[in-house]
Amino acid sequence: MKAVTWQGKRDVRVEEVPDPKIQEPTDAVIRVTSSGLCGSDLHLYEVLTPFMTPGDILGHEPMGIVEEVGPEVTNLKPGDRVVVPFQIACGHCYMCDTGLPTQCETTQVTGEGMGAPLFGYTRLYGAIPGGQAEYLRVPQAQFGPIKVPEGPADDRFVYLSDVLPTAWQAVEYAAVPQGGSLAVLGLGPIGDMACRIARLKGIDKVFGVDLVPERLERARERGVETFDLRSFDNEKELVSAIQERTGGRGPDAVIDAVGTEAHGGAVAKLVQQTAAVLPRAIGGPLAERFSIDRLAALYTAIDLVRRGGTISLSGVYGGMADPMPMLTMFDKQIQLRMGQANVRRWSDEIVPYLTDDDPLGVDGFATHRMPLADAPHAYEMFQKKQDGAVKVLMQP
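All of the points below concern the structure found in this document. (Residues numbered from 1 in each chain as written. Predicted model: local features only at pLDDT ≥ 70, side-chain atom pairs only at ≥ 80, totals over all residues. Heavy atoms only, no water.)

By the definition in use, this model includes 21 salt bridges. Among the ionic pairs, Glu 217 bridges to Arg 220, the shortest N-O distance being 3.0 Å. Placement of both Glu 217 and Arg 220 in helix α5 (residues 213–220) is noted, with a separation of three residues, approximately one turn of the helix. Its relative accessible area of 39% is what places Arg 220 among the partly exposed residues. Notably, a salt bridge pairs Arg 307 with Asp 331, separated by 2.9 Å at the nearest N-O pair. Taken as a pair, Arg 307 in the loop between α9 (296–304) and β13 (310–313) and Asp 331 in helix α10 (residues 326–332) lie far apart in primary sequence, 24 residues in all. Within this structure, Arg 156, Asp 356 and Asp 363 form a network of salt bridges that share partners. (Salt bridge = Lys/Arg side-chain N within 4 Å of Asp/Glu carboxyl O. Helix = DSSP H or I, 4+ residues; strand = E, 2+ residues; numbered from the N terminus. Buried < 20%, exposed > 50% of the residue type's maximum accessible area, 1.4 Å probe, protein only.)

Tracing the sequence through the fold places Asn 342 in the loop between β14 (335–338) and α11 (343–350). Overall, the relative accessible area of 2% leaves Asn 342 in the buried class. For Asn 342, the residues in contact, after removing those within four places along its chain, are Gln 87, Gly 99, Leu 100, Pro 101, Thr 102, Gln 169 and Tyr 173. (Contact = heavy atoms within 4.5 Å.)

Turning to the nonpolar core, a few remarks are in order. Ranked by internal contacts, the top residues of the largest apolar core, which has 69 residues, are Tyr 159, Leu 164, Leu 182, Met 193 and Ile 255. Among the elements that line this core, the one with the most residues is helix α3 (residues 163–174), at eight residues. Grouped together as the second largest cluster of nonpolar side chains are 21 residues, Leu 238, Leu 295, Leu 304 and Leu 313 included. (Core = buried A, V, L, I, M, F, W, Y, C linked by side-chain atoms within 4.5 Å.)

Looking now at unusual backbone geometry. With a phi angle near 55°, Gln 140 is a residue other than glycine that sits in the positive phi range. Phi angles above zero are rare outside glycine, and Asp 358 is one such case at about 50°. Looking at the element boundaries, Asp 358 is found in the loop between α11 and β15 (368–371). For Asp 358, a relative accessible area of 14% gives the class buried.

Right, let's get into helix α4 (residues 189–200). Taking 1.5 Å as the rise per residue, α4 with twelve residues should run 16 Å; its terminal C-alpha atoms sit 16 Å apart, in good agreement. By the criterion of burial, α4 is predominantly enclosed, with ten of the twelve residues buried. Of the surrounding elements, those touching the buried residues of α4 are α3, β9 (181–185), β10 (205–210), α5, β12 (253–256) and α12 (375–383). A positive backbone phi angle near 90° is found at Gly 202, which sits one or two residues after α4. (Expected span 1.5 Å × (residues − 1).)

This next bit is on the sheet that holds β10. Sheet strands line up and pair through hydrogen bonds in the backbone, either parallel or antiparallel. Taken together, six strands build an open sheet; the order of strands is β11-β10-β9-β12-β13-β14 and the sheet is parallel. Among the strands making up the open sheet, the edge pair consists of β11 (225–228) and β14. Neighbouring strand axes in the sheet, compared pairwise and without regard to direction, differ in orientation by 20° on average. Taken together, the four bridges between β10 and β11 define a ladder with parallel strand orientation. Its bridge partner lying in β11, Gly 208 is registered against Thr 226. (Pairing = 2+ DSSP bridges. Axes fitted to C-alpha atoms, helices over the stretch in contact; angles between N-to-C directions.)

Here we take up the sheet that holds strand β1 (residues 2–8). Strand order in this open sheet of three strands is β2-β1-β4, and the pairing throughout is antiparallel. Each edge of the open sheet is held by one strand with a lone partner, namely β2 (11–16) and β4 (56–57). Set on the sheet, α12 makes contact with β1 and β2; between it and β2 the angle comes to about 160°.

For the rest of this paragraph, the subject is the pairing of strand β16 (residues 392–395). By the bridge criterion, three bridges tie strand β3 (residues 28–37) to β16 in an arrangement that is antiparallel. Within the sheet, the bridge partner assigned to Ser 35 lies in β16 and is Met 394. Relative to β16, β15 is paired through four bridges, and the arrangement is parallel. Residue His 368 lies in a different strand from β16, and its bridge partner there is Val 392. As a crossover connection, the stretch from β15 through α12 into β16 is right-handed. (Right-handed = clockwise from strand over helix to strand, strands pointing away.)

It is worth spelling out the packing of aromatic side chains at this point. Summed over all chains, the structure comprises five aromatic pairs. With centroids separated by 5.4 Å and ring planes inclined at 40°, the aromatic side chains of Tyr 45 and Tyr 379 adopt a geometry described as tilted. Note that Tyr 45 is positioned in helix α1 (residues 39–47) and Tyr 379 in helix α12, a separation of 334 residues in sequence. Judged by its relative accessible area of 0%, Tyr 379 falls in the buried class. On the basis of an interplanar angle of 70° and a centroid distance of 6.1 Å, the ring pair of Phe 207 and Phe 227 is categorised as edge-to-face. Placement of the pair is Phe 207 in strand β10 and Phe 227 in strand β11, with a sequence separation of 20 residues. Phe 227 shares its class with Phe 207; the two are buried. Above the ring of Phe 365, the side-chain terminus of Arg 218 is found at 5.0 Å from the ring centroid. The side chain of Arg 345 reaches across the aromatic face of Trp 346, ending 4.0 Å from its centre. (Phe/Tyr/Trp six-rings, centres within 6.5 Å; stacked < 30°, edge-to-face > 60°. Lys NZ or Arg CZ within 6 Å of the ring centre and 35° of its normal.)

Structure below.
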């Protein structure tokens, strides 16, 4: 089959690889019909290269048709249309039962000290072959895949794999009080969808921050008050402008939907780039023990949120030596919530909104639809924010 493979920093290729097969009785194999390109994929493309191996198959936002199931998968049959969550979890351990499938005790990558494995990601999360491919082996298929109806195009449901539950969890973790306000830093796919979900949940004061004109316009069309980073000389001016809209206090909650790819942080960027070019045997341990995130967005969130407010992190961070302003965080009594999205914790709440009325605008959410063969161009375009790229869907 054809699949998108990682070959090095900023080097992805579409190659012929062996077809996946049932390996465990809880496996399924699906024929992929659509697969998203995610901001987290760009971390592999640029930042997390010390943890990758040439030939790794990328992608963690797939949906498709079930081709084959193992003998212990009784909830699916060939021909079923399914969306596959990005994490792999059993559904019956203590952590899954408490709504934390990202911490699944059956599938944890214990050798790396990490939680549940992820499709198409680094060795820290199991190096499981991903869904930017023609076919995908799905472990723990008795729990993970979400059955969806025939009829609507893939766009209606594919975001259940990641974008929708990640944005939903970000808003839930933000815990905006009745009549309160929310700022969203970064209006890429997750930040954009978080704004839509916040508005859907009745949060009237939603502020969106970005520097890409197309992203700002998408948010404005959804009733979000936007702030263009390019209009401010520094971070303090931005913070002051938003605080003025909230009685001088700052918003009740801030969602950081940017993560470690934020602009700024020259020292952190140097450490990341150094680890990326070193031999893997050296670069991996360096990145694990001494990596520093580019924390511009998180620092802004800390300055921006009101005293006693909440910061919800959905942007990915991976540093182990990040300098944090603990004095400010303690003094402001900031509540901080974070983590990979627990997809199956939220999916049943989200599905009722994926109707023909389309209140979240999923049918038109993708800005680009491309064949899998164009994946190298898609990655470059998305990373460089060219051609108004916000969300890319690929079809094998």
